[in-house]
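Next come the chains, spelled out residue by residue.
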Amino acid sequence: MFTHALKNVLLVIAVVATTTATAQKVIEPPLTRPEWVQPCEPFRIAGNLYYVGTYDLACYLITTKKGNILINTGLASSDTMIKKNVEALGFKFSRIKILLNTQAHYDHMGAMAAIKKQTKARLMIDEKDAEVAEDGGSSDYALGARQSTYQPVKPDRLLHDSDIIKLGNMQLMLLHHPGHTKGSCSFLFTVKDEQQSYKVLIANMPTIVTDSAFSHLSTYPEIANDYAYTLKGMKNISFDIWVTSHASQCNLHDKHKPGDAYNPAAFKDQAGYDAALKDLQKDYDEKMKQEKKMNN
């Protein structure tokens, strides 16, 4: 009788363990930066490119006659704000046909699953971030810790360096810029207004997100080389306008304030881009210097 009861207990434990493993709870890290959820008035950047994100978590809308493209979604709670911003600009939320991201961290992927479900848009992600997207960030080398930080979402298309995303008259080129995440990426494309064309770079800046020594990251042995590759590649990009995954990274709110008139020239900031990359190169060089000391 005891053996039979024990078998029943073990069976219940096994079922609970299996259920827990397949339906892991999503735990978004505590909010430490209010600007990540602070509302921001949406505005036109240049041509058919618009800002629809929160004050700091940048989300971009690219419109076409065949539907629209949304890049990044902020935290899990941001879906209603993004929808409100899109509609405030006069566009239908349901017209979003393609979803893209610049990195598979919770502060850019938090609402991705919800918006994908609402719009039925196709999600396209850099191949190197696909696994992290599908497990909700739990396998991320720096922020994962075996815990989903956002709702898992399955990509409809895997992208690679220099792949082209097409919708209507728009063609976006994905630039593989790994390091911050394994599949961090930027986008390069051209938009037009009534006066001229602008070559736009949505840049995922290669900030170092881990305090661990690169050589200790067994789940990402290529990280040092990836950062070096990205920093070198980003120095050679030609563009007219640049914006970033976080508004603060390109001083976006110094370039545009609520109520400002449409002014693409405000985002022509090559000097700012060069300075930002120079600072990031210094951070990387210092990190590598510390690595060398530690390993000697």
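Rules and cut-offs
- Residues numbered from 1 in each chain as written.
- Predicted model: local features only at pLDDT ≥ 70, side-chain atom pairs only at ≥ 80, totals over all residues.
- Heavy atoms only, no water.
- Salt bridge = Lys/Arg side-chain N within 4 Å of Asp/Glu carboxyl O.
- Helix = DSSP H or I, 4+ residues; strand = E, 2+ residues; numbered from the N terminus.
- Buried < 20%, exposed > 50% of the residue type's maximum accessible area, 1.4 Å probe, protein only.
- pLDDT = per-residue confidence, 0-100.
- Contact = heavy atoms within 4.5 Å.
- Phe/Tyr/Trp six-rings, centres within 6.5 Å; stacked < 30°, edge-to-face > 60°.
- Patch = residues over 30% accessible without salt bridge, like charges linked within 9 Å, V, L, I, M, F, W, Y side chains within 5 Å.
- Areas by Shrake-Rupley, 256 points an atom, 1.4 Å probe, with all protein chains shown as cover.
- Lys, Arg positive; Asp, Glu negative; His and termini not counted.
- Charge placed at Lys NZ, Arg CZ, Asp CG, Glu CD.
- Core = buried A, V, L, I, M, F, W, Y, C linked by side-chain atoms within 4.5 Å.
- Pairing = 2+ DSSP bridges.
- Axes fitted to C-alpha atoms, helices over the stretch in contact; angles between N-to-C directions.

Asker: Let's hear about the pattern of salt bridges: which residues, and what values?
Answerer: A side chain with one charge may pair with a side chain of the opposite charge, provided their charged atoms come close. Within the structure shown, the criterion is met by five salt bridges. With its nearest N and O atoms 3.6 Å apart, the salt bridge here joins Arg 44 to Glu 194. Pair noted here: Arg 44 is in strand β1 (residues 43–46) and Glu 194 is in the loop between β10 (185–192) and β11 (197–203), with a separation of 150 residues, a long-range link. Taking the shortest distance from any N to any O, the salt bridge between Glu 134 and Lys 154 comes out at 3.9 Å. In this pair, Glu 134 is assigned in helix α5 (residues 130–134) and Lys 154 in the loop between α5 and β7 (157–159), connecting sequence segments 20 residues apart. Owing to a relative accessible area of 39%, Glu 134 belongs among the partly exposed residues under this scheme. According to the relative accessible area criterion, Lys 154 is exposed, its value standing at 56%.

Asker: Lay out the confidence of the model for the protein chain with the relevant residues and their values.
Answerer: Confidence in the prediction for the protein chain averages 92 pLDDT; 92% of positions are at 70 or higher. Across the protein chain, strand β4 (residues 67–71) holds the top mean pLDDT of 99, while helix α1 (residues 2–22) sits lowest at 33. Predicted confidence for residues 1–22 stays below pLDDT 50, and this span has zero contacts to residues more than four positions away or in other chains.

Asker: Mind laying out the packing of aromatic side chains, listing which residues take part and the relevant values?
Answerer: Counted by the stated rule, this structure contains 10 aromatic pairs. With centroids separated by 5.6 Å and ring planes inclined at 15°, the aromatic side chains of Phe 214 and Tyr 227 adopt a geometry described as stacked. One end of the pair, Phe 214, is in the loop between β11 and α6 (223–234); the other, Tyr 227, is in helix α6, and 13 residues separate them in sequence. Side by side, Phe 214 and Tyr 227 carry an identical accessibility label, which is buried. Their ring planes at 75° and their centres at 4.8 Å tell us that Phe 239 and Tyr 273 sit as a pair that is edge-to-face.

Asker: Tell me about a positive patch on the surface, and please be specific about residues and values.
Answerer: Taken together, the side chains of Lys 66, Lys 92, Arg 95 and Lys 97 make up a positively charged region of the molecular surface. When you line up the elements, Arg 95 lands in the loop between α2 (79–88) and β5 (96–100).

Asker: So what's going on with unusual backbone geometry? Residues and values would help.
Answerer: Among all residues save glycine, negative phi is the norm, and among peptide bonds the norm is trans. Phi is positive for Lys 120, close to 60°, though the residue is something other than glycine. Note on Lys 120: relative accessible area 70%, which makes it exposed. With a phi close to 60°, Arg 146 is a non-glycine residue in the positive phi region. You can see Arg 146 is positioned in the loop between α5 and β7. Arg 146 gets classed as exposed once you look at its relative accessible area, which sits at 75%.

Asker: Account for the nonpolar core, naming residues and giving values.
Answerer: Membership of the largest hydrophobic core comes to 55 residues, with the highest contact counts inside it found for Ile 45, Tyr 60, Leu 100, Leu 172, Phe 187 and Phe 189. By size, the runner-up hydrophobic cluster in this structure holds 27 residues, among which are Ala 104, Tyr 106, Met 109 and Val 132.

Asker: Describe the sheet that holds β1, and please don't skip the residues or the numbers.
Answerer: Within a sheet, neighbouring strands are paired by backbone hydrogen bonds and run either parallel or antiparallel to one another. Taken in spatial order, the seven strands make up an open sheet running β1-β2-β3-β4-β5-β6-β7, and their pairing is mixed. Each end of this open sheet is capped by a strand with a single partner; those strands are β1 and β7. Direction aside, neighbouring strands of the sheet carry axes that sit 25° apart on average. Sheet strands touched by helix α4 (residues 112–119): β4, β5 and β6 (122–126). Its angle to β5, the strand with the most contacts, is close to 160°.

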